[in-house]
Amino acid sequence: QVQLVESGGGLVQAGGSRKLSCAASGTIVTIGIIGWFRQAPGKQREMVATIANGGRTNYVDSVKGRFTISRDDAKNTAYLQMNNLKPEDTAVYYCYEFLNGRGYWGQGTQVTVSS
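Let us now look at the nonpolar core. Counting residues in hydrophobic clusters, the biggest one holds 30 residues, and the most contacted among them are Trp36, Val48, Phe67, Leu80, Met82, Tyr93 and Leu99. Top element by residues in this core is strand β9 (residues 91-99). It accounts for 4 residues. For Met82, the contacting residues outside a window of four places in its chain are Gly16, Ser17, Arg18, Leu20, Arg66, Phe67, Tyr93 and Val111.

Structure follows, in structure tokens:
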């Protein structure tokens, strides 16, 4: 009965920053790879960033240098720090975590960047 809940979305001006959080509830025994995905209107869902258990990260080219993924396993929480936001970043952002040997998705949080 693991559940992921994203928070931190909202409306932000271009050039601004937001920090998304993904909190896992329930009994967490093991945590593997964690990722953030996004889906913009009329577009396919895409991987934004991933972080492995050992700390290795990967980013889609469009966010490199602007976004930072991190994790705090002691708090069962993952983060996505988003800086220098652009209107093209507008999307619903979903977290994904491999927990207890299987993958879980959050419900999504809307990020809207105005310009």
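Let's shift gears to the pairing of strand β8 (residues 77-82). Among the 6 residues in β8, 5 count as buried, and that is most of the element. Judged from the 6 bridges that link them, strand β3 (residues 18-25) and β8 form a sheet pairing that is antiparallel. Following the sheet pairing, Ala23 is matched in β8 by Thr77. Joining the antiparallel neighbours strand β7 (residues 67-72) and β8 is a turn of 4 residues, in which Asn76 adopts a positive phi near 55°.

Here a disulfide denotes a covalent bond joining the sulfur atom of one cysteine to the sulfur atom of another. Inspection of every chain in the model, using the stated rule, returns 1 disulfide. The disulfide partner of Cys22 is Cys95, and the S-S distance across this bridge is 2.0 Å. An S-S torsion of about 55° defines the bridge between Cys22 and Cys95 as right-handed. Of this pair, Cys22 sits in strand β3 while Cys95 is found in strand β9, placing the two residues 73 residues apart along the sequence. Cys95 matches Cys22 in its accessibility class, with the two residues each being buried.

Our focus in this paragraph is the pattern of salt bridges. Per the stated rule, a full pass over the model turns up 5 salt bridges. Its salt-bridge partner being Arg38, residue Asp89 comes within 3.0 Å of it at the nearest N-O pair. Taken together, the residues span a long stretch of sequence, with Asp89 in the loop between β8 and β9 and Arg38 in strand β4 (residues 31-39) at a distance of 51 residues. No difference in accessibility class separates Asp89 from Arg38, as the two residues are buried.

You can see Leu20 is positioned in strand β3. For Leu20 and Tyr93, which are 73 residues apart along the polypeptide, the C-alpha to C-alpha distance reads 8.7 Å. Not counting chain neighbours up to four residues away, the residues in contact with Leu20 comprise Ser7, Gly8, Gly9, Trp36, Ala78, Tyr79, Leu80, Met82, Tyr93, Thr109 and Val111.

Conventions used here
Residues numbered from 1 in each chain as written. Predicted model: local features only at pLDDT ≥ 70, side-chain atom pairs only at ≥ 80, totals over all residues. Heavy atoms only, no water. Core = buried A, V, L, I, M, F, W, Y, C linked by side-chain atoms within 4.5 Å. Buried < 20%, exposed > 50% of the residue type's maximum accessible area, 1.4 Å probe, protein only. Helix = DSSP H or I, 4+ residues; strand = E, 2+ residues; numbered from the N terminus. Contact = heavy atoms within 4.5 Å. Pairing = 2+ DSSP bridges. Disulfide = S-S within 2.5 Å. Salt bridge = Lys/Arg side-chain N within 4 Å of Asp/Glu carboxyl O.

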